[in-house]
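Reading the structure
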Amino acid sequence: SLMSKISVILLCGGRGTRMAVDKPKQFLEIQGKTIADYSLDVLKKIQGLVEIVVVCDPAYRSFFSNDQDTLPLHFALPGVRRQDSVLNGLRAIESNPDLVCIHDSARPFINQEMVSRTISAAMDYGAATAAMPIKFTIKEHDGHQFVKNTPDRSLYWEIQTPQVIKLELLKKGFEHVIQHHLTVTDDVSIVELLNLPVKLVEGSYNNLKITTPDDLILADCLLKQISSYG
């Protein structure tokens, strides 16, 4: 079968407001490499990759040096909401890919296998996301912080990125979202709203999103562990 063509949208638009530092968290360094670069280096190796769109504030474009790469790398502006950033990224796609792989640059611990699994599932089902079963007990409350019930946690997964969606589906989904003035917190929700399947693909419990200074410390420890194994 012909290899699918894939465009990547790398979301680097976060302001890093919870980090209390002078630049957004995805441009902080862990062991000499920016957080954004960890995932970018993995995404660059996708088979069938045709382009990468980096969604970031123009002030930070210089973090993505493109001199040594032959791959088309271009930029889009962040929007107010996550979905606005993704839409800006989608509009900046210049090739005509089969699939769009969307990743949050604040998640540096993806690997080739995880990305490949998610891409394969999206080829088969139209949309897929990395995710993991939640490890903790969830309580639903009544609005006044009294427990209403305890859902069966085996039915709940925590959603990660990458999220991979067929280009046509993503476009159709955005038409629906814009037409009905909807807000979604992740990309595959756009596909769910079309009542179409979204496949959950096992990511990793290490695939954390760095949002606070504590996460940064954790990420540093994780990285030391990973590099001492490999």
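Figured I'd write up the structure that's included with this text. (Residues numbered from 1 in each chain as written. Predicted model: local features only at pLDDT ≥ 70, side-chain atom pairs only at ≥ 80, totals over all residues. Heavy atoms only, no water.)

1. Topic: the pairing of strand 4 (residues 49-55)
- Strand 4 sits mainly inside the fold: 6 of its 7 residues count as buried.
- Summarising the sheet, strand 1 (residues 6-11) and strand 4 pair through 6 bridges and their orientation is parallel. What sits directly across from leucine 10, in strand 4, is valine 54.
- Examined bridge by bridge, strand 4 and strand 5 (residues 73-76) share 4 bridges and lie parallel to one another. For valine 53, the partnering residue across the bridge sits in strand 5 and is histidine 74. (Buried < 20%, exposed > 50% of the residue type's maximum accessible area, 1.4 Å probe, protein only. Helix = DSSP H or I, 4+ residues; strand = E, 2+ residues; numbered from the N terminus. Pairing = 2+ DSSP bridges.)

2. Brief notes about the nonpolar core
- Among the nonpolar cores identified, the biggest contains 29 residues, and Val8, Cys12, Leu43, Ile46 and Phe64 are the most heavily contacted of them.
- Every element with two or more residues in this core is listed here: strand 1, helix 1 (35-43), strand 4, strand 6 (99-104), helix 3 (112-125) and strand 7 (127-133).
- With 5 residues, helix 3 is the single largest residue contributor to this core.
- Residues contacting isoleucine 46, with those up to four places away along its chain left out, are Ile6, Val8, Cys101, Val115 and Ile119.
- Counting 23 residues, the second-largest nonpolar core is a separate cluster that includes Leu11, Val100, Ile165 and Phe174. (Core = buried A, V, L, I, M, F, W, Y, C linked by side-chain atoms within 4.5 Å. Contact = heavy atoms within 4.5 Å.)

3. Quick notes on the sheet that holds strand 1
- One open sheet holds the 7 strands; their spatial order is 5-4-1-6-10-7-11, and the pairing between them is mixed. Taken across any chain shown, the strands that pair with only one partner, and hence form the sheet edges, are strand 5 and strand 11 (199-202). Strand-to-strand twist of the sheet, defined as the mean angle between neighbouring strand axes without regard to direction, takes the value 30°.
- Pairing of strand 7 with strand 10 (residues 157-166), which is carried by 6 bridges, proceeds in the antiparallel orientation. Residue pairing across strands places proline 133 opposite tryptophan 157, the latter belonging to strand 10.
- Each of strand 1, strand 4 and strand 6 is contacted by helix 1, which is oriented at about 175° to strand 1, the strand it contacts most. (Axes fitted to C-alpha atoms, helices over the stretch in contact; angles between N-to-C directions.)

Just geometry here; none of it tells us what the structure is for.
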